[in-house]
Amino acid sequence: MKKNDNDFHRHSSIDRCTVVELPRHYDAEGSISVVENVDGAPFSVRRVYYLYDVPADTCRGGHSHFALRQLIVAISGSFDVTVDDGARRKTITLNRPYRALYVDTGIWRTIDNFSSGAVCLVLASEPYDESDYVRDYGRFLELTSEKRADK
């Protein structure tokens, strides 16, 4: 599919946005979680970035993607991720470094309610490409309008 194909949004579903348990290895000297070949993340990581020093009253995200998929992890602290497929939405609190939220294509996501010292790690399936973003919620609703017409 081409990146401008509406199918990414037309067929998106928050049901595919699931919390994935990352492998945990721990002993008296500390814990480690390794992110490779993770069940529930059907992509190879092509970009990694993290958010930190985010004021508690700030909302990040506020967009969807045509092709990009993500794993979002609260490396430190906690925050809420709200996923929206145009017909339904749900909010997931991330507060454990061994749990990642898988976000599929065509899903509007916002991240807010950051605790003090929170670090949000994002593992992405694609390098940065501005043309892959839908940043206007009205446009997102247009792309997902068939879901609401079916009801």
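Residue numbers run consecutively from 1 along every chain, following the written order of its sequence. This being a predicted model, a pLDDT of at least 70 is required before a residue's local features are given, and a value of 80 or more before pairs of side-chain atoms are given or counted; all residues contribute to the totals for chains, interfaces and linings. Each side-chain value is worked out from all heavy atoms of the structure, with water and hydrogens disregarded.

Draft legend 1. Molecular detail of the sheet that holds strand β1 (residues 19-21). By definition, two strands form a pair when at least two bridges between them are found by DSSP. A run of DSSP states H or I qualifies as a helix once it reaches four residues; a run of E qualifies as a strand once it reaches two. Both are numbered from the N-terminal end. Pairing in this open sheet of five strands is antiparallel, and the strands run β1-β9-β6-β11-β4 from one edge to the other. For this open sheet the edge positions go to β1 and β4 (47-52), each flanked by a neighbour on one side alone. Pairs of neighbouring strands in the sheet enclose a mean axial angle of 25°, with direction left out of account. The pairing of strand β6 (residues 70-76) with strand β9 (residues 99-103) spans four bridges and is antiparallel. By the bridge assignment, I72 is partnered in β9 with L101. A fitted line through C-alpha atoms represents every axis, and for helices the fit uses only the stretch in contact; the resulting angles, taken between N-to-C directions, go from 0 to 180 degrees.

Draft legend 2. Looking closely at the packing of aromatic side chains. Classification of ring pairs uses Phe, Tyr and Trp, with its six-membered ring standing for Trp, and accepts pairs whose centres are within 6.5 Å; under 30 degrees between planes counts as stacked, over 60 as edge-to-face, and the remaining range as tilted. Scanning the model with the defined rule gives seven aromatic pairs in all. When the centroid spacing of 5.4 Å and the interplanar angle of 45° are considered together, the rings of W108 and F140 count as tilted. Highlighted residues: W108 in strand β10 (residues 108-112) and F140 in helix α2 (residues 137-143), separated in sequence by 32 residues. The same class applies to W108 as to F140, namely buried. Among the aromatic side chains, those forming a connected cluster through ring pairs are W108, Y137 and F140. A ring is considered to have a charge above it if a Lys NZ or an Arg CZ atom is located within 6 Å of its centre and within 35 degrees of its normal. Here the guanidinium or amino end of R24 rests over the ring plane of Y98, the centre of that ring lying 3.7 Å away. If you follow R135 out to its NZ or CZ, it ends over the ring of Y133, 4.0 Å from the centre. Only protein chains enter the accessibility calculation, which uses a 1.4 Å probe; a residue is then buried when its area is under 20% of its type maximum, exposed when over 50%, and partly exposed in between.

Draft legend 3. Here's a closer look at the environment of D27. When you line up the elements, D27 lands in strand β2 (residues 24-27). Judged by its relative accessible area of 51%, D27 falls in the exposed class.

Draft legend 4. Local environment of the sheet that holds strand β7 (residues 79-84). Ordered in space as β8-β7-β10-β5-β12, the five strands form an open sheet in which the pairing is antiparallel. Strands at the two margins of the open sheet, each flanked by one partner only, are β8 (89-94) and β12 (133-134). Pairing between β7 and β8: six bridges, direction antiparallel. Its bridge partner lying in β8, D84 is registered against R89.

As far as function goes, none of this settles anything; it's purely spatial.
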